[in-house]
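Residues per chain are reported as follows:
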Amino acid sequence: MKTDNQSPPFRLGIKRNDDMTYFLTTTDEERQFTNLLLGDVEPAQCSWRIQPAKLNWKAYRPEVMGTGKTLFVVTSHQEWEQVMDVVGGHLEVEKCVLTIPPYRWTAS
């Protein structure tokens, strides 16, 4: 699954394998994920910008929301409400309680 906006830096792949959800932010991470699936590398050998997480896809399908230079990987309705409050200016990012920390990007 890819986010709606496919152009960098918003391109973010969301993949599942062995009950884990992986968030792929670069082509190098995509290649690393493929090598992981093929068994060419072990999970301990991998490096991720956004750490893989065990998520319940039956309860809530993760989605990506962005504001400014921050991307949020939202994993529940409660997290969605928090991000909407951030977007509306009613809550600071630092006060959010999120399963996956916000992903900040800088233009290259």
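Look a little higher up for the structure.
Residues numbered from 1 in each chain as written. Predicted model: local features only at pLDDT ≥ 70, side-chain atom pairs only at ≥ 80, totals over all residues. Heavy atoms only, no water.

(A) Seen up close, the sheet that holds strand 4 (residues 63–67). Spatial ordering of the open sheet is given by 4-5-6, a layout of three strands whose pairing is antiparallel. Looking at which strands have only one partner, the edges of the open sheet turn out to be strand 4 and strand 6 (103–104). Alignment of strand 5 (residues 70–74) against strand 6, held across two bridges, turns out to be antiparallel. Note on strand 6: the bridge partner recorded for Leu 71 is Tyr 103. (Pairing = 2+ DSSP bridges. Helix = DSSP H or I, 4+ residues; strand = E, 2+ residues; numbered from the N terminus.)

(B) Molecular detail of unusual backbone geometry. Its identity as a non-glycine residue notwithstanding, Asp 18 has a phi of 50°, on the positive side. Examined against the element boundaries, Asp 18 turns out to sit in the loop between strand 1 (13–17) and strand 2 (20–24). Given a relative accessible area of 66%, Asp 18 falls into the exposed group. Even without glycine at this site, Asp 19 takes up a positive phi of about 65°. For Asp 19, the location among the structural elements is in the loop between strand 1 and strand 2. (Buried < 20%, exposed > 50% of the residue type's maximum accessible area, 1.4 Å probe, protein only.)

(C) Seen up close, the pattern of salt bridges. Under the defined criterion, the tally for this structure stands at one salt bridge. In this structure, the salt-bridge partner of Arg 31 is Asp 28, at a minimum N-O distance of 2.9 Å. Placement of both Arg 31 and Asp 28 in helix 1 (residues 27–38) is noted, with a separation of three residues, approximately one turn of the helix. On the basis of relative accessibility, which here comes to 49%, the residue Arg 31 falls in the partly exposed class. (Salt bridge = Lys/Arg side-chain N within 4 Å of Asp/Glu carboxyl O.)

(D) Region of interest: the sheet that holds strand 1. Read across the open sheet, the three strands follow the order 1-2-3; overall the sheet is antiparallel. A strand with exactly one partner marks an edge of an open sheet, and here the two such strands are strand 1 and strand 3 (50–53). Each strand of the sheet is rotated relative to its neighbour by a mean of 25°, with strand direction disregarded. Looking at chain direction, strand 1 and strand 2 are connected through five bridges and run antiparallel. Pairing of Ile 14 across the sheet is with Phe 23, part of strand 2. Contacts between helix 1 and the sheet are confined to strand 1 and strand 2, with strand 2 contributing the most and set at about 150° to the helix. (Axes fitted to C-alpha atoms, helices over the stretch in contact; angles between N-to-C directions. Contact = heavy atoms within 4.5 Å.)

(E) Spotlight on the packing of aromatic side chains. Using the criterion set out here, one finds two aromatic pairs in the structure. Geometrically, the ring pair formed by Tyr 22 and Phe 33 is tilted, given 5.1 Å between the ring centres and 55° between the ring planes. Of this pair, Tyr 22 sits in strand 2 while Phe 33 sits in helix 1, and the two are 11 residues apart along the sequence. Residue class for Tyr 22 comes out buried when judged on its relative accessible area of 8%. Among the aromatic side chains, those forming a connected cluster through ring pairs are Tyr 22, Phe 33 and Trp 48. In this structure, Arg 16 is placed above the aromatic ring of Trp 57, and the distance from its NZ or CZ to the ring centre is 4.1 Å. (Phe/Tyr/Trp six-rings, centres within 6.5 Å; stacked < 30°, edge-to-face > 60°. Lys NZ or Arg CZ within 6 Å of the ring centre and 35° of its normal.)

By themselves, these figures tell us nothing about what the structure is for.
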